Amino acid sequence: MKMKKYDVIIVGGGATGTCMARDCALRGLKTLLIEREDLCDGASGRNHGLLHSGARYAVNDPESARECIAENLILKQIASNCVEDTGGLFISLPEDGLDYQALLVQKCAEAGIDARIITPKKALSLAPAINPNIIGAVKVPDASVNPFLLSDVHALDAVRHGADIVKFKAVTSFLKDGDSVVGVKTDKEEYYASQVVIASGIWSAKLAEMAGAHIDMYPSKGSLLVFGHRVTNLVINRCRKPSNADILVPEAVVSVFGTTSDKVPFEECDNMRVTREEVDFLLKEGVKMLPSLASTRIIRAYAGVRPLILEDSKSSLQADGRSASRGIVLLDHEERDGVPGLITITGGKLTTARLMAEKAADLVCKKLGIDAECTTAEIPLPGSYLKRRSFGAFLSGLGAKKEDTPASKTSSGAKRTSSGAKRTSSGAKRTSSGTKRTSLGAQKTSSGAKKPYSAASLPVIEVEKTVSGEKKSVSGAKKSCLAVRSVAQKLCSKETIPYAGIAALGRHGSETLKMDFTGEGAEIVCECEQVTSAEISYCVKEFGVRNLNDLRRHTRIGMGTCQGTHCIQRAAELLAIELGVPEKAEEFMKDYLQERWKGMTPVMWGETLREAEFMRSKYSSLLAEGEISAK
Ligand SMILES: Cc1cc2nc3c(=O)[nH]c(=O)nc-3n(C[C@H](O)[C@H](O)[C@H](O)COP(=O)(O)OP(=O)(O)OC[C@H]3O[C@@H](n4cnc5c(N)ncnc54)[C@H](O)[C@@H]3O)c2cc1C
């Protein structure tokens, strides 16, 4: 049995675990992350994809609201290729009245969220698909986030800063020295560390139990519907007390509507299925907000489990999911349960995962006696050098002259410092208590005005400090902007792949520079999501893709309207060759179809039924009869 020693081991590769791995690696800790499946196999890959502005929590949970707006602004800066800065609306239907709207706007102001009342007419001009009978609307800085990519880039950056990531291996037990946890065990290996952090979502309860600690968790199932088009370009929330079926998020080429909130047994958390009743309920409520949903094809349904914690560990498990805490929960099991060496970080949201990681890494450093500041709020993630919002302008300005490049001016027209770095409004150095984070938020909200974006003034993100603490000039941010611009120029001039190149840039930002679009690289494999052979090769190399389902999470392959009907044969063959296992192409296809089928089954009527029949007839001639089924 192999034995390896780390400063910190993180169990769970969702948003929280990957953010934590990056944070620890950036602080110079010898870090290991262990995930039993692929990254994002838990709630982080089965959520709404809403980068909360915090408005949803402003009335009932002001602390969460403040955390959300701060993290929302940070992620728009450091993970621009994962976030689409759509903006959001809270719409009031006639039966909702306007009392809640007034309260929402007041509480948003108190939490520092830029929430503005706009007229129904204006709201309809921004989002023509919303119910024309709305009586009020509020504009908020909600956004759409690609949760798979967000975890990918955190993991990628962690590895680039020295972390080890072990995927597809479950932690089966904890290694103990007396009461202390000193490591973890998988089926074949033992890994030792000074601190072990459980970041395992809803499975944290089970893992804590295995280590001799206890957490009262509440598994709250949420189901979602995926509609085959972008019915709006903004996030649409219903303006009432947070409830079921009240948010629509535009995501790439589709729209996601949800959710429900029901307690489920722990044993079911590994295999969530959406029921027909849930589909009917979601559709009925969705149509009230966006009438065109009634005639928009639902391409699939999926569900995840929220890792909620009961406020009081002594309370009974009868509380409903919406009243259980959605706040961040950091548990020091040494103090709480007499189990030194063990910490749990859970609760929270996808939006606040970076902050959760910061809090947990602060505690790990304290325990290890290490004085290392958190830098994750300032250092851009791989690919994130362009602000997504400027992307349209960026593309339309591809012909811009060289002297108009982003590096020569700031968006306000001011000159850059000699290092090329643009200072924050306060110019203050970040402290571990996060002072800079608030100044980042203030920078935007104090003036209330949006910065003008144009191809000639693409903002460059400041990168001042490296892991080791020494100063480093903007770490290629300027170069990267210019290089991405030149790649985009080349891609756009290629008749074969202009949209695919743009799609890759949208997903991977400046990482697109690492893709080779020459020759076969320019071949489009998935038409719906415009995924090329070059993007597939890049993902295989960078993310350790094992099969088509993994590939989907990193590229969105097969996640568009046809759900893979047209592309998976091509994709399976290409991937199998890329991985050097051509004999596995059929197996990849079969597993992929199985997963797609699972999501299509609850919504199989009308167009989706026709698509499913087409898919079945196409692939049953390739695969043995009866092999595709909704197991
Ligand atoms: C339906 C729904 C909608 C949501 N919508 C939003 C939203 O729009 N915006 C938002 O901000 N938040 C949203 N959330 C909340 C958000 O998704 C979660 O809070 C967040 O993803 C939790 O991340 P995590 O990393 O803590 O847990 P998870 O993503 O669940 O990750 C835990 C990981 O631990 C792994 N694991 C478990 N056991 C072991 C083991 N023994 N060994 C190794 N690994 C193990 C699992 O495989 C899993 O990958 C939503 C949640 C749900 C369910």
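Residues numbered from 1 in each chain as written. Predicted model: local features only at pLDDT ≥ 70, side-chain atom pairs only at ≥ 80, totals over all residues.

Visitor: Describe in detail the overall build of the chain, supporting the description with residues and values.
Guide: Within the chain, the regular secondary structure consists of 18 helices and 22 strands. Across the 631 residues of the chain, 52% fall into the buried class. Taking all contacts inside the chain whose residues are at least 6 apart in sequence as the whole, residues at least 24 apart take part in 73%. (Helix = DSSP H or I, 4+ residues; strand = E, 2+ residues; numbered from the N terminus. Buried ≥ 20, exposed ≤ 12 C-beta atoms within 10 Å, placed from the backbone. Contact = placed C-beta atoms within 7 Å.)

Visitor: How would you sum up the sheet that holds strand E4 (residues 83-84)? Please name residues and give values.
Guide: In a beta sheet, neighbouring strands are held together by backbone hydrogen bonds and run either parallel or antiparallel to one another. Taken in spatial order, the 3 strands line up as E3-E8-E4 in an open sheet, and their pairing is antiparallel. Of all the strands in the sheet, the pair left with one neighbour each is strand E3 (50-51) and E4. Pairing geometry for E4 and strand E8 (residues 143-145), over 2 bridges, is antiparallel. The partner of Val-83 across the bridge, within E8, is Val-145. Seen against the sheet, helix H2 (residues 62-78) touches E3, E4 and E8 and runs at an angle of roughly 60° to E8. (Pairing = 2+ DSSP bridges. Axes fitted to C-alpha atoms, helices over the stretch in contact; angles between N-to-C directions.)

Visitor: Provide a residue-level description of the environment of Leu-175, including the pertinent values.
Guide: Residue placement: Leu-175 occurs in strand E10 (residues 173-177). According to the C-beta neighbour criterion, Leu-175 is partly exposed, with 19 such atoms within 10 Å. Sequence-wise, Leu-175 and Ala-193 are 18 residues apart; in three dimensions their C-alpha atoms are separated by 9.7 Å. Setting aside residues up to four positions removed in sequence, Leu-175 forms contacts with Val-182, Gly-183, Val-184, Lys-185, Glu-190 and Tyr-192.

Visitor: Please give an account of the site of the ligand that cites residues and values.
Guide: Taken together, 40 residues form the shell around the ligand, and within it Gly-12, Gly-14, Gly-42, Gly-201 and Gly-222 come nearest. Of all elements in the fold, only helix H1 (15-26), strand E13 (217-227) and strand E18 (298-309) reach the threshold of two or more residues within the shell around the ligand. No other element matches E18, which puts 4 residues into the shell around the ligand. Class assignment of the residues belonging to the shell around the ligand gives a composition of 14 nonpolar, 19 polar and 7 charged. (Near = placed C-beta within 6 Å. Nonpolar A, V, L, I, M, F, W, Y, C, P; charged D, E, K, R; others polar.)

Visitor: Account for the pairing of strand E16 (residues 254-258), naming residues and giving values.
Guide: A large share of E16 lies buried, amounting to 5 of its 5 residues. Every second residue of E16 is oriented toward a common face, with Val-254, Val-256 and Gly-258 on one face and Ser-255 and Phe-257 on the other, all of them buried. Where E13 lies against E16, 4 bridges are found, and the strand directions are antiparallel. Considered in E16, the bridge of Leu-224 is made with Gly-258. Joining the antiparallel neighbours strand E15 (residues 247-251) and E16 is a turn of 2 residues, in which Ala-252 adopts a positive phi near 50°.

Visitor: Before we move on, could you go through helix H16 (residues 568-578) and cite the residues and values that matter?
Guide: Helical geometry: 3.6 residues make up each α-helical turn, so side chains three or four residues apart lie on a common side. Along H16, the residues that are buried comprise Ile-568, Ala-571, Ala-572, Leu-574, Leu-575 and Ala-576. Against strand E21 (524-526), helix H14 (533-543), helix H15 (548-555) and helix H17 (585-600) lie the buried residues of H16. Count one or two residues on from H16 and you reach Gly-580, which has phi positive near 75°.

Visitor: Before we move on, can you summarise the nonpolar core with the specific residues and values?
Guide: Counting 139 residues, the largest nonpolar core has Ile-9, Val-11, Met-20, Ala-21, Ile-91, Val-197 and Ile-236 as its most contacted members. Counting residues in each nonpolar core, the second largest holds 33 residues, with Ala-534, Val-545, Leu-551 and Ala-572 among its members. (Core = buried A, V, L, I, M, F, W, Y, C linked by C-beta atoms within 7 Å.)

Visitor: Tell me about the packing of H14 against H15, and please be specific about residues and values.
Guide: Where H14 meets H15, the axes come as close as 10 Å, and the angle between the chain directions of the two elements is 105°. When the interaxial angle is binned, H14 and H15 end up roughly perpendicular. Each of Glu-535, Ile-536, Cys-539 and Phe-543 in H14 lies in contact with H15, whose residues at this interface are Leu-551, His-554 and Thr-555. Residue classes in the contact of H14 with H15 are distributed as 4 nonpolar, 2 polar and 1 charged. (Parallel < 35°, antiparallel > 145°, perpendicular 65-115°, else oblique.)

Visitor: Tell me about the confidence of the model for the chain, and please be specific about residues and values.
Guide: Per-residue pLDDT for the chain has a mean of 82; in total, 77% of the residues score no lower than 70. Here residues 312-321 is modelled with pLDDT under 50, and outside its nearest four sequence neighbours on either side it reaches 13 contacts, counting other chains as well. (pLDDT = per-residue confidence, 0-100.)

Visitor: Which residues make up the environment of Thr-512, and what values go with them?
Guide: Residue placement: Thr-512 occurs in the loop between helix H13 (498-508) and E21. Given 25 C-beta atoms within a 10 Å radius, Thr-512 is considered buried. Counting along the chain gives 26 residues from Thr-512 to Tyr-538, while the straight-line C-alpha distance between them is 8.6 Å.

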